[in-house]
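Below, each chain spelled out in residue letters.
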Amino acid sequence: MSTINQYPVIDGHNDSLMYFSPPTNALISSFFERLDGRQVDLPRIREGGMAAGFFAVFISEEEAMNMVHNFDPNVEYVLPALNFDAAQKASTQMVANLFRIETASNGQVKVVRTVADLEACLRDGVIGAVLHFEGAEQIDAHLDALEVYYQAGLRSMGIVWSRPTIFAHGVPFKFPHSPDTGPGLTDVGKELVRACNRLGIMIDLSHLNEKGFWDVAKISDVPLVATHSNAHALCQLPRNLTDKQLAAIKESDGIVGVNLVTMLLREDARDDSDTPIETVLRHMDYLVNHLGIDRVGIGADYGDAPFPKDLPDVSSYPVLITALQKAGYDDESLRKITHENWLRVLRKTWKS
Ligand SMILES: [Zn+2]
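Residues numbered from 1 in each chain as written. Predicted model: local features only at pLDDT ≥ 70, side-chain atom pairs only at ≥ 80, totals over all residues. Heavy atoms only, no water.

K.L.:
Would you take a moment to explain the environment of W214 for this structure?
P.N.:
Within the fold, W214 resides in helix α8 (residues 210–219). Classification of W214 as partly exposed rests on a relative accessible area of 28%. Between the C-alpha atom of W214 and that of Q245, which follows or precedes it by 31 residues, the distance is 8.3 Å. Ignoring sequence-local partners within four residues, the contact set of W214 consists of K244, Q245 and A248. (Helix = DSSP H or I, 4+ residues; strand = E, 2+ residues; numbered from the N terminus. Buried < 20%, exposed > 50% of the residue type's maximum accessible area, 1.4 Å probe, protein only. Contact = heavy atoms within 4.5 Å.)

Here is the structure:
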């Protein structure tokens, strides 16, 4: 059996909604075509055996994209907070575009709100889309928007991207550096964590600084999750997780989704497509050693970032799975890494 049927992938993070928001603003119909240069679209999703994924609402601006595309480890990038009104406008558009994709897909894509929805997607070959906010920049201090977006389908949220918000501080891109880069959660940030627990919105710790991480660990009553981060011991970007953080995630029975962006993989944190798959395997092995096989998943981060040349887009999961097989990962381990671990964490986190 091919890896596509045997190991359907739930991917913890993709940025494909960026294609349909300024500055690109491509047509929704292009999601159903295999266009050159795209990392996520329905044909590639089918080829790669991606069964479901977290679709991020990431509000880009020029400065942020410039950093992602021209990352220089010798430069410290400190980004200012976004304007709330602009963030809410951009976010509403991106959420609407996910629903437009669902409608245009004629049943091929479904925005999932419950574990039963997700399990049905895996069973029926429908692509499950989890609505995720990468940074709570569209959420107001009264959390009114949180209630509204939850009713619309929001089921996962990072408290910050690598920018400050009224809730917390994200890690700057700085190398080498620890994730301990500033203060912890604000009072309203702590309220946000409690509200997410109450509603059943998964909290994503990727991009959060270390003091914020420990605040969430103290307050939250569900497994700790970093949807798209790697091991800090192997690549010392503040975006990656220290051994102490990994121990806390293990203790909570959480999960880390392995990120395939080259700068989060390489010892030198460089954007370099000439990065061998062995570099990914090193992170995978390290995370499995520290977290256990039940707490590692995939959070590839496809969308608009530099990847190893052998893993260029979502059609590449079978290449990764085959490399893991060759490295000795057995059938049970591969089922866990590709989808079972994500399912377990969501069962423990979502309310239904
Ligand atoms: Zn990210």
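K.L.:
Teacher, can you tell me more about the coordination of the zinc ion here?
P.N.:
Octahedral metal centres with six donors ideally show angles of 90 or 180 degrees, and tetrahedral centres with four donors ideally show 109.5 degrees. Looking at the zinc ion, the protein donor atoms are E134 (OE), H207 (NE2) and H228 (NE2), and they sit 2.0 to 2.2 Å from it. Counting along the primary sequence, the residues that act as donors to the zinc ion give the motif E-x72-H-x20-H. With E134 in strand β4 (residues 127–134) and H228 in the loop between β7 (225–226) and α9 (243–251), this pair connects stretches of sequence that are 94 residues apart. (Donors = N, O, S within 2.8 Å, 3.2 Å for Na, K, Ca; no water.)

K.L.:
Before we go on, may I ask you to explain α9 in this structure?
P.N.:
Think of an α-helix as turning once every 3.6 residues; residues three or four places apart then point the same way. Buried within α9 we find Q245, L246, A248 and I249. Buried residues of α9, viewed axially, fall in a sector of 160°; they line one side. The exposed set on the far side of α9, more than 90 degrees from its buried face, consists of K244 and E251. On the buried face of α9, the contacting elements are α8, β8 (255–258) and α11 (277–291). Count one or two residues on from α9 and you reach D253, which has phi positive near 65°. (Arc of directions from axis to C-beta.)

K.L.:
Any chance you could explain the pattern of salt bridges here in plain terms?
P.N.:
Oppositely charged side chains can pair when the atoms bearing their charge come close. In total, this model carries 19 salt bridges according to the counting rule given. For the salt bridge of E332 with K336, the shortest nitrogen-to-oxygen distance reads 3.5 Å. Separated by 4 residues within a single helix, E332 and K336 lie in helix α13 (residues 331–349), roughly one turn from each other. Overall, the relative accessible area of 42% leaves E332 in the partly exposed class. (Salt bridge = Lys/Arg side-chain N within 4 Å of Asp/Glu carboxyl O.)

K.L.:
I tried to follow the pairing of β4 on my own but got confused; where do I start?
P.N.:
Two faces, one strand: in a regular strand the side chains alternate between the faces of the sheet. Where burial is concerned, most of β4 is hidden: 8 out of the 8 residues are buried. The sheet contact formed by strand β2 (residues 50–57) and β4 spans 6 bridges and is parallel. Its bridge partner lying in β4, A52 is registered against G128. The handedness of the strand β3 (residues 109–111) to β4 crossover, carried by helix α5 (residues 115–124), is right-handed. (Pairing = 2+ DSSP bridges. Right-handed = clockwise from strand over helix to strand, strands pointing away.)

K.L.:
How do you make sense of the side chain of S206 when you look at a structure like this?
P.N.:
Structurally, S206 is set in the loop between β6 (202–204) and α8. On the basis of relative accessible area, S206 is assigned to the buried category, the value being 2%. Polar side-chain contacts of S206 include one of 3.0 Å to the backbone nitrogen of H228. At 2.8 Å, the side chain of S206 and the side chain of S229 are in polar contact. (Polar contact = N/O pair within 3.5 Å; in protein donor to acceptor, adjacent residues only side chain to side chain.)

K.L.:
Is there a simple way to think about unusual backbone geometry in this case?
P.N.:
Excluding glycine, residues mostly have negative phi values, and the peptide bonds linking residues are mostly trans. A cis amide bond links P22 with the next residue in sequence, P23, at an omega value of 10°. One can find P23 in the loop between β1 (9–14) and α2 (42–48). In this structure, P176 follows F175 across a cis peptide bond, with omega equal to -15°. Note on placement: P176 falls in the loop between β5 (154–158) and α7 (187–199). Of note, N106 is a non-glycine position whose phi angle comes to about 50°, a positive value. Summarising the element assignment, N106 is placed in the loop between α4 (84–104) and β3. For H207, which is not glycine, the phi torsion reads 85° and is therefore positive. Tracing the chain through its elements places H207 in the loop between β6 and α8.

K.L.:
How should I be thinking about the nonpolar core in this particular structure?
P.N.:
One recurring pattern in soluble globular proteins: nonpolar side chains tend to sit buried together. Core analysis: the largest hydrophobic core is formed by 102 residues, its most contacted members being I139, L146, M157 and L192. With 8 residues, the top contributor of residues to this core is α11. Residue contacts for M157: discarding those within four places in its chain leaves H132, F133, A136, I139, L146, L192, C196, I201, M202, I203 and D204. One finds A52, L118, V126 and I255 within the second-largest nonpolar core, a separate group that totals 17 residues. (Core = buried A, V, L, I, M, F, W, Y, C linked by side-chain atoms within 4.5 Å.)

K.L.:
Would you mind showing me how to read the packing of aromatic side chains here?
P.N.:
For any pair of aromatic rings, the description consists of the separation of the ring centres together with the inter-plane angle of the planes. Inspection of the entire model under this criterion finds 10 aromatic pairs. Their ring planes at 65° and their centres at 6.4 Å tell us that F20 and F31 sit as a pair that is edge-to-face. One end of the pair, F20, is in the loop between β1 and α2; the other, F31, is in the loop between β1 and α2, with 11 residues separating them in the sequence. Taken together, the aromatic side chains of Y19, F20, F31 and F32 make up a single cluster linked through ring pairs. The ring centre of Y19 lies 4.3 Å from the NZ or CZ of R38, which sits over that ring. (Phe/Tyr/Trp six-rings, centres within 6.5 Å; stacked < 30°, edge-to-face > 60°. Lys NZ or Arg CZ within 6 Å of the ring centre and 35° of its normal.)

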